[in-house]
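Read off the chains here:
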Amino acid sequence: EVQLVESGGGLVQPGGSLRLSCAASGFTFSSYEMNWVRQAPGKGLEWVSYIGISRNTIKYADSVKGRFTISRDNGKNSLYLQMNSLRANDTAIYYCARDRGANGYFTNWGQGTLVTVSS
Amino acid sequence: DIQMTQSPSTLSASVGDRVTITCRASQSISNWLAWYQQKPGKAPKFLIYKASSLESGVPSRFSGSGSGTEFTLTISSLQPDDFATYYCQQYNSYPWTFGQGTKVEIK
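Residues numbered from 1 in each chain as written. Chains lettered and ligands numbered in written order. Predicted model: local features only at pLDDT ≥ 70, side-chain atom pairs only at ≥ 80, totals over all residues. Heavy atoms only, no water.

Undergrad: I'm lost on the overall build of chain A in this one. Help?
TA: Scanning chain A from N- to C-terminus turns up 0 helices and 11 strands. Counting from the amino terminus, helix and strand elements in chain A follow one another as β-β-β-β-β-β-β-β-β-β-β. Each of the three principal axes of chain A carries a C-alpha extent, and together these read 40 × 25 × 25 Å. Taking all 119 residues of chain A together, the buried fraction comes to 47%. Long-range contacts, defined as pairs at least 24 residues apart, comprise 53% of the intrachain contacts of chain A with a sequence gap of at least 6. As presented, chain A carries roughly 5200 Å² of accessible surface, and 44% of it is formed by carbon and sulfur atoms. Averaging the coordinates of the 12 positive side-chain charges in chain A and doing the same for the 8 negative ones gives two points 4 Å apart. (Helix = DSSP H or I, 4+ residues; strand = E, 2+ residues; numbered from the N terminus. Buried < 20%, exposed > 50% of the residue type's maximum accessible area, 1.4 Å probe, protein only. Contact = heavy atoms within 4.5 Å. Areas by Shrake-Rupley, 256 points an atom, 1.4 Å probe, with all protein chains shown as cover. Lys, Arg positive; Asp, Glu negative; His and termini not counted. Charge placed at Lys NZ, Arg CZ, Asp CG, Glu CD.)

Structure follows, in structure tokens:
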């Protein structure tokens, strides 16, 4: 069974940093592209970032470009999101989501981790 | 960026009803469209890809259609488990974008 488990969320002050992790199991992690998708409280879904299988292709939404860095460790079956210069409007549940063949849709999702940016 | 607009935003329906949700793209996305279902406090669940291809394990009462800029998600006979919010998503070009969601509630 595919499992994605996010961790690392919490309360952080504006301008602060946080690193999210996503532990994958139940599938060959190194063979799948991965993404981060977020959802502000009571709002819709927003794609944040994508990373290819061998990290050769990385994409970001304009809203996080230059502040967030996606990475992966295929040996540890883990996906990461380093978030710097956090703003109040980065407050959201962050989901890691598995892609299918670099198609761009999200077949499996974790349960999410809440990031709250507030003073 | 490609804007995705869903209608209606909220839909009231009864068990057994046929329900249709519309998703419009601001430019042609061919058939590069996916649909998701989300229940309160839960992660989204993947339903349909390539506008009309049903993901394995998804009940056959769900169907998708459309191409270009206009798409629909249809639930042929609404079941109690189907009351949720539905999102469309385009994956024609970056950044991948979602519709604002359609909440299907009990009438």
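Undergrad: Help me understand the interface of chain A and chain B, please; the structure alone is not making it clear to me.
TA: Quite often, the size of an interface is put as the accessible area lost when its parts meet. In this assembly, 20 residues from chain A lie in contact with 16 residues from chain B. Summed over both partners, the interface of chain A with chain B buries about 1600 Å², with 66% contributed by carbon and sulfur atoms. When the area that chain A buries against chain B is broken down by residue, the three leading residues are L45, W47 and Y105 of chain A, summing to 36%. Counting across the chain A and chain B interface gives 1 salt bridge. Taking the shortest distance from any N to any O, the salt bridge between R100 of chain A and E55 of chain B comes out at 2.7 Å. If you look at where chain A meets chain B, you find 6 residue pairs in polar contact (both at pLDDT 80 or more). The set of elements that each furnish at least two residues to the side of chain A that touches chain B consists of β4 (34-39), β5 (45-51), β9 (92-99) and β10 (106-109) of chain A. (Buried area = accessible area lost by both parts, 1.4 Å probe. Salt bridge = Lys/Arg side-chain N within 4 Å of Asp/Glu carboxyl O. Polar contact = N/O pair within 3.5 Å; in protein donor to acceptor, adjacent residues only side chain to side chain.)

Undergrad: How should the layout of surface pockets be read in this particular structure?
TA: Empty space among the atoms becomes apparent when a probe as large as a water molecule is rolled across them. Taken as a whole, the largest pocket holds about 340 Å³ of empty space. Only β9 of chain A together with β9 (85-90) and β11 (102-106) of chain B provide two or more residues apiece to the lining of the largest pocket. Classifying every residue of the lining of the largest pocket gives 9 nonpolar, 6 polar and 4 charged. (1 Å grid on protein atoms, 1.4 Å probe; cavity = no way out; pocket = protein on both sides within 12 Å on 5 of 7 lines; lining within 4 Å. Points joined across faces, edges and corners; volume = space filled by probe spheres on them. Nonpolar A, V, L, I, M, F, W, Y, C, P; charged D, E, K, R; others polar.)

Undergrad: Explain the side chain of D90 of chain A here, please?
TA: Residue and element names in this part refer to chain A. Within the fold, D90 resides in the loop between β8 (78-83) and β9. There is a polar contact of 2.8 Å between the side chain of D90 and the backbone nitrogen of R87. Beyond its immediate chain neighbours, meaning those up to four positions away, D90 contacts R38, R67, F68, S85, V115 and V117.

Undergrad: Quick question: what am I supposed to make of the pattern of salt bridges here?
TA: A side chain with one charge can pair with a side chain of the opposite charge if their charged atoms come near. All chains considered together, the criterion is met by 8 salt bridges over all chains. When the shortest N-O distance is used, the salt bridge between R67 of chain A and D90 of chain A registers 2.7 Å. Here D90 of chain A lies in the loop between β8 and β9 and R67 of chain A lies in the loop between β6 (58-60) and β7 (68-73), a separation of 23 residues in the sequence. Judged on exposure class, the residue R67 of chain A and its partner D90 of chain A are both buried. A salt bridge links R61 of chain B to D82 of chain B; its shortest N-O distance comes to 2.8 Å. Taken together, the residues R61 of chain B in the loop between β6 (53-54) and β7 (62-67) and D82 of chain B in the loop between β8 (70-75) and β9 connect sequence positions 21 residues apart.

Undergrad: For this particular structure, what's the right way to read the state of the cysteines?
TA: Note on terminology: a disulfide is the covalent bond linking the sulfur atoms of two cysteines. All names here are of chain B. Evaluated as defined, the whole model comprises 2 disulfides over all chains. Through a disulfide, C23 is tied to C88; the S-S separation comes to 2.1 Å. In this structure the cystine formed by C23 and C88 twists about its S-S bond by roughly 70°; its chirality is therefore right-handed. With C23 in strand β3 (residues 19-25) and C88 in strand β9, the pair connects residues that are 65 residues apart, well separated along the chain. (Disulfide = S-S within 2.5 Å.)

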